[in-house]
Amino acid sequence: MTDMGAGRYADKGAGVSGGRGAGRDVTLASAWAALGGEPRLLPRVSTVVREGALPARLPVRELARACVGVCALAAAELGARRAGLTEVPRVRVDDGAVATAFVSERHLLIDGRAPVAFAPLSRFWRTADGWVRTHANYPHHRDRLLSALGLPEGNAAAVGAALAERSSLEIEETVYAAGGLAVALRTPEQWAAHDQAAAVTAGPLVEHDRTDTAHARVTPPSEALDAAAVAAVSASSGGAPLSPAAGVRVLDLTRVIAGPVATRTLALLGADVLRVDPPGTPELPDQHIDTGFGKRSTALDLTRAVDRRDFEELLAGADVVVTGYRPGALDRFGLSPQALLARRPGLVVAQLSAWGPYGPWAGRRGFDSLVQVATGIAVVEGSAERPGALPAQALDHGTGYLLAAAVLRSLTEGAADGHGRVVTLSLARTAAWLLEGAERRGEGLRGEARRAGGGGGEAFDGAEGRLAERDSPVGRLRYALPPVSFEGGPGDWARPPGPWGADEARWG
């Protein structure tokens, strides 16, 4: 196994075309290169351009299209290999489907009820010298924010008054020290001068390392990859969908949006995905439903011997472990990549965090909305006087599809050489890619909002035809259909979401 110590994972050159930190265009080709994909497969992808999808000053539509496109291409590549196809199925990326999926939480209805996206204390606030944004959707983060501000009760008026008396950076550090979340608004130039920005941009968009350990379990052929699945590549066959990840067992140790989007996508593609959470900190119910399609959910307390034993049994049968906690947060449970690979050689370990694994902010909590504020995106999409936001939580969704693509490519490469992989992504690095893309296109970072395109495409007609309804254990659901699409592939998840933590801790 390569050196997995305190430094960076060994870099084999994949995913770093142009050098570490080199600027990249926000294109499918650059994302595919970051994943180590073969350029010869790019012509298999076609795009349906929709004018007006995800309008923004930054190239958000292009980022969303690229992330979904490489995910679909990675799925088609793996499916072709496992099904013994002579060529990779064609991939179709529809801007309308992508834009709808990137705001899936806005389309979700549960028995006719729309979810609440942000809690009252998750918002922008004026300070003595600018703006901060807080995140208090989770009760424990709300409590820590109030504690940091010395407030026994939490209402917007009291919080606003307390924040207005302090500087933005003072608030940022005080709330962080209390375990809460508040980030000062920065311009892109201010962020570029920050030590964390230097650490983030020094690395590639997708960091991946091949380990020296061989697979402990060869992913078996499955019923979804028999002759009927091969025939499914033909539109006229009427066979079962091609499921590239069928038989792959995924331990999902993620939360919020980005990680669950990745594992939701792997579930779409046939993987047996089991999400594992600590029982004391449940996921927000509506958020769990939106990202829980295709998956099962269980709760294990790893401080209890019986639950730890159940977890180790799950790990012994896993092919992939996806983590979405702060770097180092799971190490005390023996869940660092090094420890996981020692117990399960050949594993694919996929890591996701807000700020990346290096730099002074590596250990900080973070969310899409806060990364937008810190990196200068909120200033670009608004101004320093009136910050704005992207038209979707695009860092979350985009990084989620990139993470799924990295797992799929790791499975393809592992099938060829028998080795495991460690892949690492962060919301902050995706944000840097978005900002770099605008600069490289010569658009600058203060332009007017674009209509997400340069002409020649069809008008974006909204979510019509891109939503579905079904019954589920949590009620009647209306939801966005998956945007990952390739010839012969699945068009919907095999199962709806169920209640959080309600499933047994075992493989299906």
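Caption draft 1: Broad picture of the pairing of strand β12 (residues 320-323). What you see with β12 is no split at all: V320 and V322 on one side and V321 and T323 on the other are buried throughout. The pairing of strand β9 (residues 249-253) with β12 spans four bridges and is parallel. Within the sheet, the bridge partner assigned to D252 lies in β12 and is V322. Relative to strand β13 (residues 348-353), β12 is paired through four bridges, and the arrangement is parallel. Residue pairing across strands places T323 opposite Q351, the latter belonging to β13.

Caption draft 2: Fine view of the side chain of T127. On the secondary structure map, T127 appears in the loop between β5 (124-126) and β6 (131-134). A distance of 2.7 Å separates the side chain of T127 from the side chain of S168, its partner in a polar contact. Ignoring sequence-local partners within four residues, the contact set of T127 consists of V132, L163, A164, R166, S167, S168 and I171.

Caption draft 3: Spotlight on the nonpolar core. With 112 residues, the main nonpolar core has L58, W355, Y401 and W433 as its most contacted residues. Top element by residues in this core is helix α2 (residues 60-83). It accounts for 16 residues. Core analysis: the next-biggest nonpolar cluster, separate from the first, contains 20 residues, L251, L274, L302 and F311 among them.

Caption draft 4: Spotlight on the environment of V49. Take V49: it is sitting in the loop between β1 (45-48) and β2 (50-51). As a C-alpha pair, V49 and R61 span 12 residues in sequence and 9.7 Å in three-dimensional space.

Caption draft 5: Quick look at the pairing of β6. Residues of β6 alternate between two faces, with W131 and R133 on one and V132 and T134 on the opposite face, all of them buried. Here β5 pairs with β6 via three bridges, running antiparallel. Looking across to β6, one finds that F124 is bridged to R133. Hairpin connection from β5 to β6: four residues lie between these consecutive antiparallel strands.

Caption draft 6: Region of the structure containing the state of the cysteines. Counted by the stated rule, this structure contains zero disulfides. Lacking any disulfide linkage, C67 is separated from the closest cysteine sulfur, that of C71, by 9.3 Å. C71 gets classed as buried once you look at its relative accessible area, which sits at 0%.

Caption draft 7: Representation of the sheet that holds β5. Strands sit in the order β5-β6-β7 across an open sheet of three strands; the sheet is antiparallel. Each edge of the open sheet carries a strand with a single partner, namely β5 and β7 (182-184). Recorded for the sheet is a direction-independent mean angle of 30 degrees between the axes of neighbouring strands. Contacting β6 and β7, helix α7 (residues 168-177) runs over the sheet at an angle of about 150 degrees to β7.

Caption draft 8: Representation of the sheet that holds strand β16 (residues 467-470). Ordered by their spatial adjacency, three strands build an open sheet running β4-β17-β16, and the pairing between neighbours is antiparallel. Of all strands in the sheet, those with a lone pairing partner are β4 (109-110) and β16, marking the two edges.

Caption draft 9: Looking closely at helix α13 (residues 305-316). With 12 residues, α13 should cover 16 Å at 1.5 Å per step; its first-to-last C-alpha distance of 16 Å lies within 8% of that length. Looking at α13, one finds that the buried residues are D307, F311, L314 and L315. Summarising the axial view, the buried residues of α13 lie within an arc of 100 degrees, below the 170-degree limit, and thus occupy one face. Counted as exposed and oriented over 90 degrees from the buried face of α13: A305, E313 and A316. Here the buried face of α13 lies against β9, β10 (272-277), β12 and α14 (337-343).

Caption draft 10: The pattern of salt bridges, seen in detail. A complete count under the given rule lists 31 salt bridges for this structure. D417 is the salt-bridge partner of R210, the closest N and O atoms lying 3.7 Å from each other. Taken together, the positions of R210 in strand β8 (residues 207-214) and D417 in helix α17 (residues 394-417) put the pair 207 residues apart, joining distant regions of the chain. The partly exposed category is assigned to D417, whose relative accessible area is 29%. Between R476 and E469 there is a salt bridge whose closest N-O contact spans 3.5 Å.

Caption draft 11: Geometry of the environment of W500. Take W500: it is sitting in the segment after β17 (477-480). The exposure class assigned to W500 is partly exposed, which follows from its relative accessible area of 24%. In this structure W500 touches D277, P278, P279, T281, P282, E283, H288, S297 and A299, once residues within four positions along its chain are discounted. Here D277 takes part through its side chain, which lies 3.1 Å from a polar atom of the side chain of W500.

Caption draft 12: Looking closely at the packing of aromatic side chains. Within the structure shown, the criterion is met by nine aromatic pairs. An angle of 15 degrees between the planes, with centres 5.9 Å apart, marks the rings of F102 and Y401 as stacked. Here the residue F102 occupies a position in helix α3 (residues 95-102), and Y401 occupies one in helix α17, the gap between them amounting to 299 residues. Neither F102 nor Y401 differs from the other in exposure class; each is buried. Each ring, one from Y479 and one from W493, has its centre 6.3 Å from the other, and the planes form 55 degrees; the classification is tilted. Of this pair, Y479 sits in strand β17 while W493 sits in the segment after β17; the two residues are 14 residues apart in sequence, bridging distant segments of the chain. Here the two residues Y479 and W493 agree in accessibility, since each one is buried. A cation sits over an aromatic face here: R133 above F124, 4.9 Å from the ring centre.

Caption draft 13: Structural context of the confidence of the model for the protein chain. For the protein chain, per-residue confidence averages 87 on the pLDDT scale, and residues scoring 70 or more make up 86% of the total. Mean pLDDT across the elements of the protein chain bottoms out in helix α10 (residues 227-231) (38) and peaks in helix α11 (residues 258-268) (98). Considering only residues more than four positions removed or in separate chains, one finds that residues 220-237, a stretch of pLDDT under 50, has 33 contacts. Scored below 50 in pLDDT, residues 451-455 makes 14 contacts in the model with residues more than four places away or belonging to other chains.

The rules behind these values
Residues numbered from 1 in each chain as written. Predicted model: local features only at pLDDT ≥ 70, side-chain atom pairs only at ≥ 80, totals over all residues. Heavy atoms only, no water. Buried < 20%, exposed > 50% of the residue type's maximum accessible area, 1.4 Å probe, protein only. Helix = DSSP H or I, 4+ residues; strand = E, 2+ residues; numbered from the N terminus. Pairing = 2+ DSSP bridges. Polar contact = N/O pair within 3.5 Å; in protein donor to acceptor, adjacent residues only side chain to side chain. Contact = heavy atoms within 4.5 Å. Core = buried A, V, L, I, M, F, W, Y, C linked by side-chain atoms within 4.5 Å. Disulfide = S-S within 2.5 Å. Axes fitted to C-alpha atoms, helices over the stretch in contact; angles between N-to-C directions. Expected span 1.5 Å × (residues − 1). Arc of directions from axis to C-beta. Salt bridge = Lys/Arg side-chain N within 4 Å of Asp/Glu carboxyl O. Phe/Tyr/Trp six-rings, centres within 6.5 Å; stacked < 30°, edge-to-face > 60°. Lys NZ or Arg CZ within 6 Å of the ring centre and 35° of its normal. pLDDT = per-residue confidence, 0-100.

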